[in-house]
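Reading the structure
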Amino acid sequence: MTNRKCVVLVSGLRAFALLGIGAGLLSGCSKEEQKAPAPIKQTYTAPEPEVGPLDEIDLDSRVEFPEDRAPQNREAAVAVAGLASAIASGDSDGLGVWLSPGFMPVLSDLVDDGSWNSSTGEIEVVRVCSLDHDEDHMRLALGIQDSEGAYLLGWDGSLKGTRWRFEPIAIESQYAMAASDLDDAPLIGPMIAETAFEVAPEPVEEKEEAKKKASGKRRGGGLR
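Now for a description of the structure that goes with this document.

Below, the discussion takes up the packing of aromatic side chains. A full pass over the atoms with the stated rule returns zero aromatic pairs. For Arg-163, the ring lying beneath its charged end belongs to Trp-98, and the centroid distance is 4.9 Å.

We now examine the nonpolar core. Judged by nonpolar contacts, the single largest core of 31 residues is most densely connected at Ile-87, Val-126, Leu-140, Leu-142 and Phe-166. Mapped onto this core, the elements with two or more residues apiece are helix 2 (74-89), helix 3 (92-98), strand 2 (125-133), strand 3 (137-146) and strand 5 (163-169). It is helix 2 that provides the largest number of residues to this core, a total of 10 residues. Leaving out residues up to four positions away in the same chain, Ile-87 has contacts with Leu-95, Trp-116, Thr-120, Ile-123, Val-126, Leu-142, Ile-144 and Trp-155. Listed in part, the 10 residues of the second largest apolar core include Ile-171, Ala-176, Ala-179 and Leu-182.

Taken together, Asp-55, Glu-56, Glu-67 and Asp-68 make up a surface patch of like negative charges. Here Asp-68 lies in the loop between strand 1 (63-64) and helix 2.

Turning our eyes to something else, we now look at the pairing of strand 3. Within a regular beta strand, the side chains point alternately toward one face of the sheet and then the other, so they alternate between its two faces. Of all 10 residues that make up strand 3, eight are buried, and the element is covered over most of its length. Counted along the chain from strand 2 to the antiparallel partner strand 3, the turn is three residues long. Summarising the sheet, strand 3 and strand 4 (residues 149-160) pair through 10 bridges and their orientation is antiparallel. Each bridged residue has a counterpart across the sheet, and for Ile-144 the counterpart in strand 4 is Tyr-151. The turn linking strand 3 back onto strand 4 is made up of two residues.

Within the element layout of this structure, Ser-130 appears in strand 2. Exposure remark for Ser-130: the relative accessible area of 14% places this residue in the buried category. Residue contacts for Ser-130: discarding those within four places in its chain leaves Arg-69, Arg-139, Leu-140, Ala-141, Asp-184 and Ala-185.

So, how was this worked out
- Residue positions are given per chain, counted from 1 along the sequence in the order it is written.
- Only residues with pLDDT of at least 70 are given local features in this predicted model, and only at 80 or more are side-chain atom pairs given and counted; all residues enter the totals for whole chains, interfaces and linings.
- Just so you know, side-chain values use all the structure's heavy atoms and leave hydrogens and water out.
- Working definition: a ring pair exists when centres of Phe, Tyr or Trp rings (six-membered ring for Trp) sit within 6.5 Å. Plane angles under 30 degrees give stacked, over 60 give edge-to-face, the rest tilted.
- Comment: the charge-over-ring label is applied if NZ (Lys) or CZ (Arg) is within 6 Å of the ring centre and within 35 degrees of the ring normal.
- Nonpolar cores are built from buried Ala, Val, Leu, Ile, Met, Phe, Trp, Tyr and Cys residues. Side-chain atoms within 4.5 Å join them into one set.
- The buried label goes to any residue with under 20% of its type's maximum accessible area, the exposed label to any with over 50%, and the partly exposed label to all in between, with areas taken from a 1.4 Å probe on protein chains only.
- Numbering goes from the N terminus for both helices and strands, where a helix is a DSSP run of H or I of at least four residues and a strand is a run of E of at least two.
- Between two residues, a contact is recorded if the distance between any of their heavy atoms is within 4.5 Å.
- A patch is a set of surface residues, each over 30% in relative accessible area and not in a salt bridge, joined within 9 Å for like charges and within 5 Å for the nonpolar side chains Val, Leu, Ile, Met, Phe, Trp and Tyr.
- Note on areas: Shrake-Rupley with a 1.4 Å probe; residue coverage comes only from the protein chains shown.
- Salt bridges, as used here, are contacts in which a Lys or Arg side-chain nitrogen is within 4 Å of a carboxyl oxygen on Asp or Glu.
- The sign given to each residue is positive for Lys and Arg and negative for Asp and Glu; His and the chain ends receive no count.
- Charged side chains are reduced to one point each, which is NZ for Lys, CZ for Arg, CG for Asp and CD for Glu.
- The criterion for strand pairing is that DSSP finds at least two bridges linking the strands in question.

Such coordinate-based values are descriptive only and should not be taken to indicate function.
Written as structure tokens, this is what we have:
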């Protein structure tokens, strides 16, 4: 009897122990699951690269547009690039897109008499030598280089509605060996030559009257 109770007790302890072990395993699994949650999938979005004023702008291969002279306004940069490229390529229609309407007849005359082709046909470089600008106005100097050297052209730009328009400005002639030598050259207005004014001759009648008076004075002096 006593042996039977011992067997039952031992069996009960084993069962309890197994249950305890099982409970411990279950609780351990639960803790492990809490400690190691499912990993969160992280996504990385690369920032879009900043587009500079001259990025992706069409430029003729002969145009030199230094980054430090590019306006921050992209529309203004496109306008300068379009003007310079039209001159470099001898594209009169392209120039007409950016030219002020009042100067279109002048451009037509240059095209008709052949001056446009002769002056642009040998261009090697068109360089933006200086550029001063604000929101709706700019003053631009382009260095034009050919086989004989380089010279400077001045342009005045204004924002008309949504489009920039340019017109040439008269400046004192400036020359150099290369277009880059004209960087930051000031746009000086043309010097007006002084005209030598001659003294107007006295009328013939006044001359004769003056002679008579002088002669009378001389005779009077002799009588005394």
